[in-house]
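Okay, here's what each chain looks like letter by letter:
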Amino acid sequence: MSIFKHAAEILESKVNHFLDNAEDPAETLDLSYEKMIANLQDTKRHLADVVTERVSLENQMAQARKAADKADADARMALGANREDLARAELAQKQSELQKIASLQEAHDTVAAQAQKLTDYESKLRDRIEQFRTQKEVIKSQMTAAQAEVKVSESLTGIGKGMDDAGDAMRRAQDRTRQMEAKAVAMDGLMASGALSDPLDSRSQTEKELDEVRATSGVDDDLARLKAEMAKDKGTPGSGAGGA
């Protein structure tokens, strides 16, 4: 493989990786889920603000009712003391507190309705997010299984990455092996003929051949001796029964 072809494959791989990441449905699903979670958190914050306002209005109404009750009690006391002027003043204060309660109650009803809507919306949104999360995980699992199946199929059919060069690589390895085997045979032949010598062996070619003859002769002598001994043992009468 040339360096230019290798560089082209690297570039193609990086481009494909970029395109895959740019259009990864799994990442898109995760991003959508994160946006939904962020929307839910915003809804909860808005709901908390509205509930806080409702509680504040309820506290103000309670204080106004307390003030109105006190004014009514003071008016009774003043009237009992024949102080009609003080009684009128306290009753005027009572009416002011009642008007304040009416205004607060109207605002409270509006805020309470908003709080209920937000509560219902938050509940529905939470259920929808949970359904989306479940569907998202199912789809991602199906995508993972499908991608794995595609990769296995590509490997089996030779379409996968690098498989197109596998045949060339195998042929190059086989050619290299045959070359090495041929070189080894040639080296053995040259060593046997004496054209190449072992640098650690100081014997001359004649001495090597004589040593080989001696070794062969020694083997032949040992073989003849063993044959003679075995023939002698077989020819000895009663050799097998004497020990019994």
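Residues numbered from 1 in each chain as written. Predicted model: local features only at pLDDT ≥ 70, side-chain atom pairs only at ≥ 80, totals over all residues. Heavy atoms only, no water.

In the annotation of an unreviewed UniProt entry, the entry for the chain reads PspA/IM30 family protein, and the organism field reads Acidithiobacillus ferruginosus.

Attention now moves to the overall build of the chain. Of regular secondary structure, the chain possesses five helices and zero strands. In sequence order, the chain lays out its α and β elements as α-α-α-α-α. Scored against the burial criterion, the 244 residues of the chain give a buried share of 13%. (Helix = DSSP H or I, 4+ residues; strand = E, 2+ residues; numbered from the N terminus. Buried < 20%, exposed > 50% of the residue type's maximum accessible area, 1.4 Å probe, protein only.)

Turning to the packing of aromatic side chains, a few remarks are in order. Scanning the entire structure with this criterion turns up zero aromatic pairs. Positioned above the aromatic ring of Tyr33 is the side chain of Lys136, whose terminal nitrogen or guanidinium carbon lies 5.0 Å from the ring centre. (Phe/Tyr/Trp six-rings, centres within 6.5 Å; stacked < 30°, edge-to-face > 60°. Lys NZ or Arg CZ within 6 Å of the ring centre and 35° of its normal.)

The tally for this structure, following the rule as stated, stands at 13 salt bridges. Two residues, Asp30 and Lys136, come together in a salt bridge whose shortest N-O distance is 3.2 Å. Highlighted residues: Asp30 in helix α2 (residues 25-80) and Lys136 in helix α3 (residues 84-157), separated in sequence by 106 residues. Via salt bridges that share partners, Asp30, Lys136, Glu137 and Lys140 belong to a single interconnected network. (Salt bridge = Lys/Arg side-chain N within 4 Å of Asp/Glu carboxyl O.)

Generally speaking, a soluble globular protein has its nonpolar side chains buried in company with each other. Listed in full, the seven residues of the largest apolar core are Leu47, Val50, Leu57, Met61, Leu104, Val111 and Ala115. Among the elements of the structure, α2 and α3 are those that each provide at least two residues to this core. With four residues, the single largest contributor to this core is α2. Setting aside its immediate chain neighbours within four residues, Leu57 contacts Leu104, Ala107, His108 and Val111. (Core = buried A, V, L, I, M, F, W, Y, C linked by side-chain atoms within 4.5 Å. Contact = heavy atoms within 4.5 Å.)

Turning our eyes to something else, we now look at unusual backbone geometry. Notably, Asn82 is not glycine yet its phi reads approximately 60°, a positive angle. One can find Asn82 in the loop between α2 and α3.

Quick look at the side chain of Glu122 now. The residue Glu122 is located in helix α3 in this model. A relative accessible area of 10% means that Glu122 is categorised as buried. If we skip the residues at most four places from it in the chain, Glu122 touches Leu40, Thr43 and Lys44.

With that settled, consider the confidence of the model for the chain. Scored by pLDDT, the chain has a mean of 78; 71% of the residues are at 70 or more. Within the chain, the lowest mean pLDDT, 53, falls on helix α1 (residues 3-22), and the highest, 91, falls on α2. Across residues 239-244, confidence stays below pLDDT 50; counting only partners more than four residues off in sequence or on other chains, it has one contact. (pLDDT = per-residue confidence, 0-100.)

Attention now goes to the environment of Met36. Along the chain, the position of Met36 falls in helix α2. Taking the relative accessible area as the measure of exposure, Met36 reaches 18% and is therefore buried. With 92 residues separating them along the chain, Met36 and Arg128 place their C-alpha atoms 9.2 Å apart. Here Met36 is in contact with Arg128, Ile129 and Phe132, once residues within four sequence places are set aside.

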